[in-house]
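# Remarks on the overall topology
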Amino acid sequence: VFDPFVGLGTTFFVCEQNGRIPYGIEADRQRYEWVRERITTKDHLFCGDSAGLAAFGLPEMDFCITSPPYMPHWHKWNPLYNGDPDYDGYDVYLKRMQEIYGQICQRMKTNAYLVVQADNLTNEKFSPLAWDLGRALSKVMMLEGEIVVNWSEAVESGNRFTQCLVFKNTGG
């Protein structure tokens, strides 16, 4: 199971609890260290940029799941480039996500599934992030559908649900 944006390690923890073998990449050094201290598969976690996936020498994967860094369409600060002003803008963010997932598909088995958990953002104003990611990523893998997870109470963002976009790697 591969997670290209490990964050606080949910994928690793669930995989280890369920006998699956996790692999993942986290760009933020503090999060990487925090997760690494708490997992048993330490040599499967890498600190770096998912856009450099080939450098990590990962095995072929059966499944990929993640919640990528979010970016509202009106922001210039791009989380995939740590706010580097040379890479400002939502269009640059979406293009980078395509590039990253194009590389991920090269490490996935043919017909493997990839799940991207994302929300349409509603805090300050509406930003159709989940829809835009669905459109952008469907250029490098096949969008099969979505799973909507309803929360019993609204989370901090105000959302009462989240969307899991389900893709299939048809190229291998």
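Computed from a predicted structure; not experimentally measured.

Below, the discussion takes up the overall build of the chain. When helices and strands are counted, the chain shows four helices and seven strands. If you list the helices and strands of the chain from N to C, you get β-α-β-α-β-β-α-β-α-β-β. Here the chain has a C-alpha radius of gyration of 16 Å; the compact-globule value for 172 residues is 16 Å, and the two agree. Residues counted as buried form 45% of the 172 residues belonging to the chain. Sequence separation of 24 or more characterises 59% of the internal contacts of the chain that already satisfy a separation of 6 or more. Counting only carbon and sulfur atoms, one obtains 51% of the accessible surface of the chain, whose full area is about 9,200 Å².

Next up on the list: the environment of Cys105. In this fold, Cys105 is placed in helix α3 (residues 90-107). Exposure remark for Cys105: the relative accessible area of 5% places this residue in the buried category. In this structure the C-alpha to C-alpha distance between Cys105 and Met61, which are 44 residues apart in sequence, comes to 9.2 Å.

Even without a glycine there, the phi angle at Asn82 is positive, about 50 degrees. Locating Asn82 in the fold gives a position in the loop between β4 (61-66) and α3. With a phi close to 70 degrees, Asn111 is a non-glycine residue in the positive phi region. Among the secondary structure elements, Asn111 is positioned in strand β5 (residues 108-118). Overall, the relative accessible area of 43% leaves Asn111 in the partly exposed class.

Okay, the nonpolar core next. If you look at the biggest cluster of nonpolar residues, it comprises 35 residues, and the most contacted ones within it are Phe2, Tyr93, Met97, Tyr101, Ile104, Leu114 and Leu133. Elements that contribute at least two residues to this core include exactly β2 (23-26), β4, α3, β5, α4 (129-137) and β7 (161-168). Among the elements that take part in this core, α3 stands out by supplying eight residues, more than any other. If near-sequence neighbours (up to four positions away) are discounted, Tyr101 is found in contact with Pro4, Phe5, Cys64, Thr66, Leu114, Val116, Leu137, Val140 and Met141. In this structure, Val6, Phe12, Val35 and Leu45 belong to the second largest nonpolar core, which totals six residues.

Let's shift gears to the packing of α3 against α4. Two packed helices can be described by the angle between their axes and the distance between those axes. It is at 9 Å that the axes of α3 and α4 come closest, and there the two elements cross at 50 degrees. As the angle between them shows, α3 and α4 are arranged oblique. As for how α3 packs across α4, the hand of that crossing is right-handed. Seen from α3, the contacting residues are Tyr90, Tyr93, Leu94, Met97, Gln98 and Tyr101; seen from α4, they are Leu129, Asp132, Leu133, Ala136 and Leu137. Among the residues forming the contact of α3 with α4, the class breakdown is nine nonpolar, one polar and one charged.

The full count for this structure, using the stated rule, is five aromatic pairs. Centre to centre, the rings of Phe46 and Phe56 are 5.3 Å apart; their planes meet at 50 degrees, and the pair counts as tilted. Within this pair, whereas Phe46 is found in strand β3 (residues 45-47), its partner Phe56 is found in the loop between β3 and β4, the two being separated by ten residues in sequence. Ring centres of Phe126 and Trp131 lie 5.5 Å apart, and the angle between their planes is 55 degrees; on these two criteria the pair is classed as tilted.

Reading the values: rules and limits
- Residues numbered from 1 in each chain as written.
- Predicted model: local features only at pLDDT ≥ 70, side-chain atom pairs only at ≥ 80, totals over all residues.
- Heavy atoms only, no water.
- Helix = DSSP H or I, 4+ residues; strand = E, 2+ residues; numbered from the N terminus.
- Rg over C-alpha atoms; globule rule 2.2 N^0.38 Å.
- Buried < 20%, exposed > 50% of the residue type's maximum accessible area, 1.4 Å probe, protein only.
- Contact = heavy atoms within 4.5 Å.
- Areas by Shrake-Rupley, 256 points an atom, 1.4 Å probe, with all protein chains shown as cover.
- Core = buried A, V, L, I, M, F, W, Y, C linked by side-chain atoms within 4.5 Å.
- Axes fitted to C-alpha atoms, helices over the stretch in contact; angles between N-to-C directions.
- Parallel < 35°, antiparallel > 145°, perpendicular 65-115°, else oblique.
- Left-handed = near helix turned anticlockwise from the far one by under 90°.
- Nonpolar A, V, L, I, M, F, W, Y, C, P; charged D, E, K, R; others polar.
- Phe/Tyr/Trp six-rings, centres within 6.5 Å; stacked < 30°, edge-to-face > 60°.

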